[in-house]
Each structure stands twice: as C-alpha cells, then as structure tokens.
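Observations on chain architecture
Single-letter residue listing:
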Amino acid sequence: KQLIIINGPNLNLLGKREPEIYGSQTFEDYLEVLKSKYNTVNLEYFQSNIEGELIDKLQEVGFNYDGIILNAAAYTHTSVGIGDAVKAIQTPVVEVHISNTFSREEFRHQSYISPNAKGVILGFGLKSYDLAIESFIF
Ligand code: DQA
C-alpha cells in the first residue's frame, strides 16, 4: 500500500511547540516508529507551512496513492481551497488531529476537511496518526 502523511503549518515544530498540548516528541522521530511498525506499507511524509503547497501535494498524490492521512493544522479551520482539493481527488483522505479540537476554542470546531474525509481521528496525540494508518490496512 502506498500511503502519505501530509502535515500542515507549524507541525514542523512538534516537540518544541506547546508540548502540554502536542507532546514532546518530534514528528521525524515518531515517523521512524510508524515506519518500523508498518514496514510492509510504503509510508511517505510531506510537511508544508504553505497552503498552496499542501494543495499541490494533494493533487499530485490524490489520483494514484491508496490513502492520505491529512493534518491540515490551522488550515483545517480556514481553507476552502484545501477542502475543495480533498473533494476533487480520488484517494480517500483520513483527517487527523493530535489534540481534541472539540475541547478547545470554538474556532477549532469548524473543519473544511471533514465533509469530504473518509473519516476523522482526533485527540489521541501522535497515536492519532497510527490509528489512521490502521484504518487503511484493516
Ligand atoms: C491541530 C489542531 C489545530 O486546531 C491546530 O491549529 C494545529 C494542530 C492538531 O493536530 O491538534 O496546528 O491540527
């Protein structure tokens, strides 16, 4: 299976960004854990702080990969463009968040991704990504 994790803005700072919310592990370290756990899966990773680059990546992989695990971070709550891209592509998208966005500020309760996602996994810390991979395997 060919899967990709796409992370949006500020997720490159995981490990040092608000560790009480997002934990103290870097994503690069966690990715190694995921890659060895799911060593039969071809797991790619892309991160960008730029909205258009996230859309470009969704379009690039969205007609030939088996699954997309998308944490659009703050753009989740603002980006009609990323929402439209998720709708436009064929590859199923699982929306992921590290934190439980519904237990946080009101503006985080809105998602432009969810209406077109295959499913949503949130609130389990970095394990949310692990659960999203599981959803594509079993
Ligand atoms: C986040 C939640 C978003 O509200 C926030 O803007 C992020 C990270 C999460 O993974 O919990 O940057 O997507």
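All values derive from a computational prediction rather than experimental measurement.

Moving on, we get to the overall build of the protein chain. Across its full length, the protein chain holds five helices and five strands. Walking the protein chain from its N terminus toward its C terminus, one meets helices and strands in the order β-α-α-β-α-β-α-β-β-α. Compactness check: the protein chain gives a C-alpha radius of gyration of 14 Å against a globular reference of 14 Å for 138 residues, within 12% of the reference. If you line up the protein chain on its principal axes, its C-alpha atoms span 35 × 35 × 25 Å. Relative to its full complement of 138 residues, the protein chain shows a buried share of 31%.

Attention now goes to the site of the ligand. Every residue close to the ligand is listed here: Asn-10, Asn-71, Ala-73, Ala-74, Thr-76, His-97, Ile-98, Ser-99, Thr-101 and Arg-108. In terms of residue class, the shell around the ligand is built from three nonpolar, six polar and one charged.

Another aspect to go through is the UniProt feature "active site" (unreviewed entry) in the protein chain. As recorded in UniProt, the feature "active site" (unreviewed entry) lies at Tyr-22 and His-97. In terms of the greatest pairwise C-alpha distance, the residues named above, spread along 76 residues, form a tight cluster of at most 9.7 Å across. Examined against the element boundaries, Tyr-22 turns out to sit in helix α1 (residues 19-22). Not counting residues within four places of it along the chain, the set of residues in contact with Tyr-22 comprises Leu-14, Arg-17, Ile-98 and Ser-99. Here His-97 lies in strand β4 (residues 93-97). Given 23 C-beta atoms within 10 Å, His-97 falls into the buried group. Not counting residues up to four positions away in its chain, the partners in contact with His-97 are Asn-71, Leu-122 and Ser-128.

In this section: the sheet that holds β4. Strand order in this open sheet of five strands is β2-β1-β3-β4-β5, and the pairing throughout is parallel. Strands with a single pairing partner mark the edges of an open sheet, and in this sheet they are β2 (42-47) and β5 (119-122). Across the sheet, the mean angle separating the axes of adjacent strands is 20° when strand polarity is ignored. Here β4 runs beside β5; their pairing, made up of four bridges, is parallel. Residue Val-96 lies in a different strand from β5, and its bridge partner there is Ile-121. With respect to the sheet, helix α3 (residues 51-61) is in contact with β1 (2-7), β2 and β3 (67-71), its orientation differing from that of β1 by roughly 170°.

Scoring rules and cut-offs
- Residues numbered from 1 in each chain as written.
- Predicted model: local features only at pLDDT ≥ 70, side-chain atom pairs only at ≥ 80, totals over all residues.
- Helix = DSSP H or I, 4+ residues; strand = E, 2+ residues; numbered from the N terminus.
- Rg over C-alpha atoms; globule rule 2.2 N^0.38 Å.
- Buried ≥ 20, exposed ≤ 12 C-beta atoms within 10 Å, placed from the backbone.
- Near = placed C-beta within 6 Å.
- Nonpolar A, V, L, I, M, F, W, Y, C, P; charged D, E, K, R; others polar.
- UniProt positions renumbered as here; feature names shortened; annotations may be inferred.
- Contact = placed C-beta atoms within 7 Å.
- Pairing = 2+ DSSP bridges.
- Axes fitted to C-alpha atoms, helices over the stretch in contact; angles between N-to-C directions.

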